[in-house]
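Coordinates in review
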Amino acid sequence: LTLSKIEAGEEDLHYSTTDLNQLLFNALLSFESAVDEGGLVIEGFEDLPHIKVQADSELLFQVAYNLFDNAVKFTNKGGTIRVGMEEADGRALVSISNSGKGIPEEEIHRIFERFYKVDKSRGLDKKGTGLGLAIVKSIVKLHSGEVAVKSENSVTTFLVKLPKNQKKYK
């Protein structure tokens, strides 16, 4: 529904000053039990700056939630999820990395497509619709931002670039 509203131009943004550090932390808390069960190590929050952006905090929470959802699902047991953030050229740069199998090079260009799943065996997984990354891309684009992914040496990293001040980019 969110994706359809965004694509139809019907999603109204409700801008507020949003602390990305706090938003990321709150999103990750949603996965506390899965992180514990998988013995996952979370790194990066201890060094994360507090960068604020003008954005729709509910929609950005959905971006963080979806990225952490993927990271938790695809991190190897006992593996690591790393969060990073910096500021450059009036933009906030957020990265979420996870150890695991990684994404095959021949499939990486398709992961933001609706209903696309890299791991075909997850097709029977009722919790995974294949829409999470399409929603991420649409919300980030709606905020005049960019999202990219790289996967090498068994580490997958999603990088989200968001303008700190929306008015400069509209």
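Everything below is about the structure printed above this text.
**Details of the nonpolar core**
Counting residues in hydrophobic clusters, the biggest one holds 40 residues, and the most contacted among them are Leu24, Leu60, Leu67 and Phe68. Secondary structure elements with two or more residues in this core: helix H2 (20-29), strand E3 (52-56), helix H4 (57-74), strand E4 (80-88), strand E5 (91-99), helix H5 (132-142), strand E6 (146-152) and strand E7 (155-163). Looking at this core element by element, the count peaks at 8 residues for H4. Not counting residues up to four positions away in its chain, the partners in contact with leucine 60 are Leu20, Leu23, Val53, Ala55, Ile139, His143 and Leu162.

**Structural notes on the environment of lysine 101**
Counting through the fold element by element, lysine 101 comes out in the loop between E5 and H5. Residue classification places lysine 101 among the exposed positions, given a relative accessible area of 74%. Separated by 54 residues in sequence, lysine 101 and valine 155 place their C-alpha atoms 7.6 Å apart.

**So, the packing of aromatic side chains**
Applying the stated criterion to the full structure yields 3 aromatic pairs. With 5.7 Å between their ring centres and 85° between their planes, phenylalanine 25 and phenylalanine 45 make a pair best called edge-to-face. Residue phenylalanine 25 is located in helix H2, and its partner phenylalanine 45 is located in the loop between strand E2 (41-43) and E3; the two are separated by 20 residues in the primary sequence. Taking relative accessible area as the criterion, phenylalanine 25 reaches 37% and is therefore assigned partly exposed. Phenylalanine 45 gets classed as buried once you look at its relative accessible area, which sits at 18%. Clustering of aromatic rings is evident, with ring pairs tying together Phe31, Phe61 and Tyr65.

**Some details on the sheet that holds E4**
Taken in spatial order, the 5 strands make up an open sheet running E2-E4-E5-E7-E6, and their pairing is mixed. Each of the sheet's edge strands pairs with one partner strand only, and the pair in question is E2 and E6. Here the strands of the sheet are splayed against their neighbours by 15° on average, with no regard to which way each runs. As paired elements, E2 and E4 share 3 bridges and run parallel to each other. Bridging from a neighbouring strand, valine 41 pairs with threonine 80 of E4. Contacts from H4 reach E4, E5 and E7 within the one sheet, and its direction differs from that of E5 by about 20°.

**Some words on the packing of H4 against H5**
Between H4 and H5, the least distance of the axes is 9 Å, while the angle of their chain directions is 145°. As for the relative orientation of H4 and H5, their crossing is left-handed in sense. Listed contacts from H5 to Leu59, Leu60, Gln62, Val63, Asn66, Leu67 and Asn70 of H4 are Gly132, Leu133, Ile135, Val136, Ile139, Val140 and Leu142. Within the contact of H4 with H5, the residues separate by chemical class into 10 nonpolar, 4 polar and no charged.

**Things to note about empty space enclosed by the protein**
Summed over the entire model, instances satisfying the criterion amount to 1 cavity of 30 Å³ or more. Each pocket or cavity is described by its volume, and for the largest cavity that value is around 90 Å³. Forming the boundary of the largest cavity are Leu20, Leu23, Leu24, Leu60, Val63, Ala64, Leu67, Val94, Ile96, Val160 and Leu162. At the level of elements, H2, H4, E5 and E7 are the ones that each hand at least two residues to the lining of the largest cavity. When grouped by side-chain class, the residues that make up the lining of the largest cavity number 11 nonpolar, no polar and no charged.

**Some thoughts on the pattern of salt bridges**
Applying the stated criterion across every chain, the model contains 3 salt bridges. A salt bridge links arginine 82 to glutamate 43; the shortest N-O distance between them is 3.9 Å. Of this pair, arginine 82 sits in strand E4 while glutamate 43 sits in strand E2, and the two are 39 residues apart along the sequence. With a relative accessible area of 37%, arginine 82 lands in the partly exposed category. Glutamate 43 sits in the partly exposed class, given a relative accessible area of 31%. Here glutamate 87 makes a salt bridge to lysine 164, at a shortest N to O gap of 2.8 Å. Of the two residues, glutamate 87 sits in strand E4 while lysine 164 sits in the segment after E7, which places them 77 residues apart along the sequence.

Definitions and limits used
- Residues numbered from 1 in each chain as written.
- Predicted model: local features only at pLDDT ≥ 70, side-chain atom pairs only at ≥ 80, totals over all residues.
- Heavy atoms only, no water.
- Core = buried A, V, L, I, M, F, W, Y, C linked by side-chain atoms within 4.5 Å.
- Buried < 20%, exposed > 50% of the residue type's maximum accessible area, 1.4 Å probe, protein only.
- Helix = DSSP H or I, 4+ residues; strand = E, 2+ residues; numbered from the N terminus.
- Contact = heavy atoms within 4.5 Å.
- Phe/Tyr/Trp six-rings, centres within 6.5 Å; stacked < 30°, edge-to-face > 60°.
- Pairing = 2+ DSSP bridges.
- Axes fitted to C-alpha atoms, helices over the stretch in contact; angles between N-to-C directions.
- Left-handed = near helix turned anticlockwise from the far one by under 90°.
- Nonpolar A, V, L, I, M, F, W, Y, C, P; charged D, E, K, R; others polar.
- 1 Å grid on protein atoms, 1.4 Å probe; cavity = no way out; pocket = protein on both sides within 12 Å on 5 of 7 lines; lining within 4 Å.
- Points joined across faces, edges and corners; volume = space filled by probe spheres on them.
- Salt bridge = Lys/Arg side-chain N within 4 Å of Asp/Glu carboxyl O.

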